[in-house]
Amino acid sequence: MRISLKWLRELVEVKLSPEDLAETLTMAGFEVEDIEDRRTWADGVVIGRVLERQPHPNADKLSVCQVDIGTGETLNIVCGAANVRADIYVPVATVGTYLPNINLKIKPAKLRGVPSNGMICSLKELGLPSDVDGIHIFTQENLQLGSDVRSLLGLDDVILDVTATANRADALSMVGIAREVAALTGAKLTIPEPDEVSVPQGAGNLAIKVADTQACPAYIGTVIEQVKIAPSPDWLQQRLRAAGVRPINNVVDITNYVLLEWGQPLHAFDRDRLKTVAAGDKLNIGVRFANAGETLKTLDGQTRTLSIQNLLITANDKPVALAGVMGGEETEVHEGTQNLVLEAALFDSVAIRRSSRSVGLRSESSARYERGINSAGLEIATRRALNLITELAQGNLVTQEISDTRPDPSTWTRSIELRLERVNQVLGPVDLGEKTGELQAEDVERILTALGCQLTSLDEGKWMVTVPPYRYRDLEREIDLVEEIARLYGYDHFCDTLPEKSGAGYLPFDVEMLRKLRTAFRAEGLTELMHYSLVKPGGDRQIALANPLFVEYSALRTDLISGLIDAFVYNLEQGNGPLNGFEIGRIFWQEENGLQEADAIAGIMGGDRTSSKWTRSGREQPMTWFEAKGVLESVFQQMGLQVEYQPDCRDERLHPGRTASLWIGGNRLGIFGQLHPQLRHERGLPEAVYLFQMHLDVLLDALDQDEIIVPTFKPYSTYPATDRDIAFFAPVKVTVAEIEKAINNAGKDLLESVELFDEYRGEHVPPGQRSLAFRLIYRASDRTLTDAEVEPVHQKVRDTLVEKFGVALRS
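Residues numbered from 1 in each chain as written. Predicted model: local features only at pLDDT ≥ 70, side-chain atom pairs only at ≥ 80, totals over all residues. Heavy atoms only, no water.

Student: Explain the sheet that holds strand β36 (residues 654-664) to me, and be specific about the residues and the numbers.
Tutor: Spatially, the 7 strands line up as an open sheet ordered β29-β33-β34-β38-β37-β36-β35, and their pairing is mixed. Of all the strands in the sheet, just β29 (527-528) and β35 (644-647) have a single pairing partner and so form its edges. Here 7 bridges tie β36 to strand β37 (residues 667-675), and the two strands are oriented antiparallel to one another. When the sheet's bridge partners are listed, S661 is paired in β37 with I671. (Pairing = 2+ DSSP bridges. Helix = DSSP H or I, 4+ residues; strand = E, 2+ residues; numbered from the N terminus.)

Student: Describe the pattern of salt bridges, with residues and values.
Tutor: Scanning the entire structure with this criterion turns up 50 salt bridges. E583 is paired through a salt bridge with R557; the nearest N and O atoms lie 3.1 Å apart. Remark: R557 occurs in the loop between β32 (555-556) and α15 (561-573) and E583 occurs in strand β33 (residues 581-591); sequence separation between them is 26 residues. A single burial state applies to E583 and to R557, both of which are buried. Between R586 and E597 there is a salt bridge; the shortest N-O distance is 3.1 Å. Taken together, the residues span a long stretch of sequence, with R586 in strand β33 and E597 in strand β34 (residues 594-606) at a distance of 11 residues. (Salt bridge = Lys/Arg side-chain N within 4 Å of Asp/Glu carboxyl O. Buried < 20%, exposed > 50% of the residue type's maximum accessible area, 1.4 Å probe, protein only.)

Student: Please set out empty space enclosed by the protein residue by residue, giving values where relevant.
Tutor: According to the stated counting rule, one finds 1 cavity of 30 Å³ or more in the structure shown. As for the largest cavity, its lining consists of L296, K297, P319, V320, G328, E329, E330 and T331. Where the lining of the largest cavity is concerned, the elements lending two or more residues are β17 (295-297) and β20 (318-322). Across the lining of the largest cavity, the residue classes break down as 3 nonpolar, 2 polar and 3 charged. (1 Å grid on protein atoms, 1.4 Å probe; cavity = no way out; pocket = protein on both sides within 12 Å on 5 of 7 lines; lining within 4 Å. Points joined across faces, edges and corners; volume = space filled by probe spheres on them. Nonpolar A, V, L, I, M, F, W, Y, C, P; charged D, E, K, R; others polar.)

Student: Requested: an account of the packing of helix α11 (residues 420-427) against helix α13 (residues 478-489), with residues and values cited.
Tutor: Between α11 and α13, the least distance of the axes is 10 Å, while the angle of their chain directions is 65 degrees. Judged by the sense of rotation from one axis to the other, the crossing of α11 with α13 is right-handed. Listed contacts from α13 to R422, V423, V426 and L427 of α11 are E478, I479, V482, I485 and A486. Taken together, the residues of the contact of α11 with α13 break down into 7 nonpolar, no polar and 2 charged. (Axes fitted to C-alpha atoms, helices over the stretch in contact; angles between N-to-C directions. Left-handed = near helix turned anticlockwise from the far one by under 90°. Contact = heavy atoms within 4.5 Å.)

Student: Describe in detail the nonpolar core, supporting the description with residues and values.
Tutor: Of all hydrophobic cores here, the largest spans 122 residues; its most connected members are L8, Y219, I313, F347 and L418. Once you skip the residues sitting within four places of it in the chain, L8 turns out to touch I3, V14, L21, M174, I177, A178 and V181. Listed in part, the 36 residues of the second largest apolar core include I584, I664, F692 and I708. (Core = buried A, V, L, I, M, F, W, Y, C linked by side-chain atoms within 4.5 Å.)

Student: Go over the layout of surface pockets, please, and point to the residues and values.
Tutor: Taken as a whole, the second largest pocket spans an internal volume of roughly 1400 Å³. Lining the second largest pocket are 41 residues, with T558, D559, L560, S562 and R653 positioned closest to its centre. Counting residues per element, the lining of the second largest pocket draws most heavily on α15, at 8 residues. Its residues assigned to classes, the lining of the second largest pocket shows 17 nonpolar, 10 polar and 14 charged.

Student: Any chance you could break down the environment of L572 for me, citing the residues and the numbers?
Tutor: Structurally, L572 is set in helix α15. Judged by its relative accessible area of 28%, L572 falls in the partly exposed class. For the pair L572 and L685, spaced 113 residues apart in sequence, the C-alpha to C-alpha distance is 8.1 Å. For L572, the contacting residues outside a window of four places in its chain are G577, P578, G684, L685 and P686.

Student: Can you break down a nonpolar patch on the surface residue by residue, with the values?
Tutor: On the surface, a cluster of nonpolar side chains totalling about 540 Å² of accessible area is made up of Y532, L549, F550 and Y553. Tracing the sequence through the fold places Y553 in the loop between β31 (543-544) and β32. On the basis of relative accessibility, which here comes to 37%, the residue Y553 falls in the partly exposed class. (Patch = residues over 30% accessible without salt bridge, like charges linked within 9 Å, V, L, I, M, F, W, Y side chains within 5 Å. Areas by Shrake-Rupley, 256 points an atom, 1.4 Å probe, with all protein chains shown as cover.)

Student: Kindly report on the side chain of T255, identifying the contributing residues and their values.
Tutor: Take T255: it is sitting in helix α6 (residues 250-262). The class for T255 is buried, based on a relative accessible area of 7%. The residues touching T255, leaving out its near neighbours within four places in the chain, are L266, A268 and L342.

Student: Give me the packing of aromatic side chains: which residues, what numbers.
Tutor: Taken as a whole, this structure holds 11 aromatic pairs when the rule is applied. With centroids separated by 5.1 Å and ring planes inclined at 65 degrees, the aromatic side chains of F347 and Y369 adopt a geometry described as edge-to-face. With F347 in the loop between β22 (340-346) and α8 (349-359) and Y369 in helix α9 (residues 364-371), this pair connects stretches of sequence that are 22 residues apart. Looking at Y369, the relative accessible area reads 2%, which means it is buried. The interplanar angle of 75 degrees and the centroid separation of 5.9 Å between the aromatic rings of Y532 and Y553 together place this pair among those described as edge-to-face. With Y532 in the loop between β29 and β30 (534-535) and Y553 in the loop between β31 and β32, this pair connects stretches of sequence that are 21 residues apart. Site record: aromatic cluster; members linked through ring pairs are W625, F626, F672 and Y690. The ring of Y470 carries the charged tip of R179 above its face, separated from the ring centre by 3.7 Å. The positively charged end of R414 is found above the aromatic ring belonging to Y472, 3.9 Å away from the centroid. (Phe/Tyr/Trp six-rings, centres within 6.5 Å; stacked < 30°, edge-to-face > 60°. Lys NZ or Arg CZ within 6 Å of the ring centre and 35° of its normal.)

This is the structure:
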């Protein structure tokens, strides 16, 4: 809000400079974004009188003027304005004057051969908005030549652009800021109390009908006749311009003025236009929510289609204004208006916020209603507006109707118990110069009394604090009072307290493991992907959204694989080649016992992994199942995990003979496999594409082990190893993983590693079997092994394989 320092000084005795006042407000929680010193805009501009105007001898659009500025010497000034003439009073920028708004310093000059010693100014050149295309002409009487123009134009002022926090609705008014300044500085507060007005009740054809009293607890409608619409007086226009509001006419300006002064929005309707819209002489002013599809043309000239969230003001049930947001164009006050209906109302903050957002329209009124209007200020603002309309527009107050469902005025405030011990416990010691101390009871009483609170002592160091009505919305608990005490005492007066010892920072386990996983997958050449959680509806166990933005995004994803396939296809279509990527995200599904969600990690791989194809004459070499599995194995190895693979064919999107479920520590981790050929053909994908998806919770649980988090160092053996090969026929149904596990268990004392180096199926191999060959490495950490030590262990391995799997040894 733009605060005029000149206006503020009429409400509170401000002795601080604008810069010091801005610093004081900022330290108290009101950010001062800008200080606009208008006094510099017309420094050196004085009142002058045009004595004579002659056309320029060498230019059709220029005039040569003789101007008296009260110095006894007549100035010759060349002027280009079309409205300049003799015997008018004008603002004159004398030689040496700097006009910052147009970045011009006035110097003696010759214009088309005629000397010019000064400049007759327009309002725009002095930084003020104006509808007049030309110089400004003063209409006041008894003007003194040579006197400063700043007081006449309202430029003897400084504007502070103040931003209040969302909980301080009371600070969006001049009276609210004045109260705050008085509390901060101890200055004398002088808030004018509006005179009482006498308005007959129920004396005219006006009725108020509020359909939703929760959305509109109070509504005051006043009929005013025989008003004279005219421009507002200069003092009123200057205050509105200082606040950034464009003057329109006296009635509209009065409603805007009261809004700025008291923070209570008002709206004036043209009564005759209301009757035209209502199609009758008797007016029933109503407040209701709009019906879907209703329309209203607002004051900004836009026709808005309304929804059931829009709160309306109606005349005989026909919309005439968006309640608390903006009036309607059909019933606005205009130059020919003679009779008014003045609206002063309280609206629910939630209702106005929803209404304003649904039509994409925010106004000065809605900004205040959204934060909450002071219930006790409604009648004060109404009286203030009626007094001004009577004074400035000669209005005749005819009748007033009131709909008031507010609770008893005694409930417009609250009492809060406050403990001095609690205040000092929360705020800590205060800096008293050479020593520290605590807040005293008199400090608390002084600060809260300055805020308008009433304190009743309950015990030593304990009070019952009664909050004023204008702070009812933001002072609700004891801690709110503690905050106010700290704010007004000064945050910079409290001692800085640092921890005795700073602890080293660390990442949570889940975050650290996720970083390691991402690093491991990126090291394998996979790109991290990110998709929306919203997908098309139609899947099994999907969760549908109640209020989707689009039909295409109206359900939550049940896995990550579908999104990865779509991304793979998209990249191929864009000519980017196969996409090898992974994604970590959340999935959602529906079960009998309710909605479920979990985090998962999934990936997709395919295409030729080699970078050089010239050795194969440019032919693609599709990724094999074992290469894709090797990517996962490498990640598991980096993370220190032992993962088992078991045949699986439950996912119809994957090849039934080339899919494995992943298991770790007896828990199902996820699935890995090749894309089904039929789906691959339908989506136009390369020959071999592989997918995996794992439960992130299971993976993190497996990683949460001391030996993985902090690996134990194992010394290397400095003694040579000895190797043995073993070959045999084994049933196809027996997996290599089972055989490796059995070999490791049999030779665990001396066996260092097992590696499959050959597999053969075909001629000379019995049906239903395959030939496998393994290389076994034996090593001891403290000696060189002899054949006598290795042979018994190797024989044990042979016997175990024959006994457990019925293999036929070949060597």
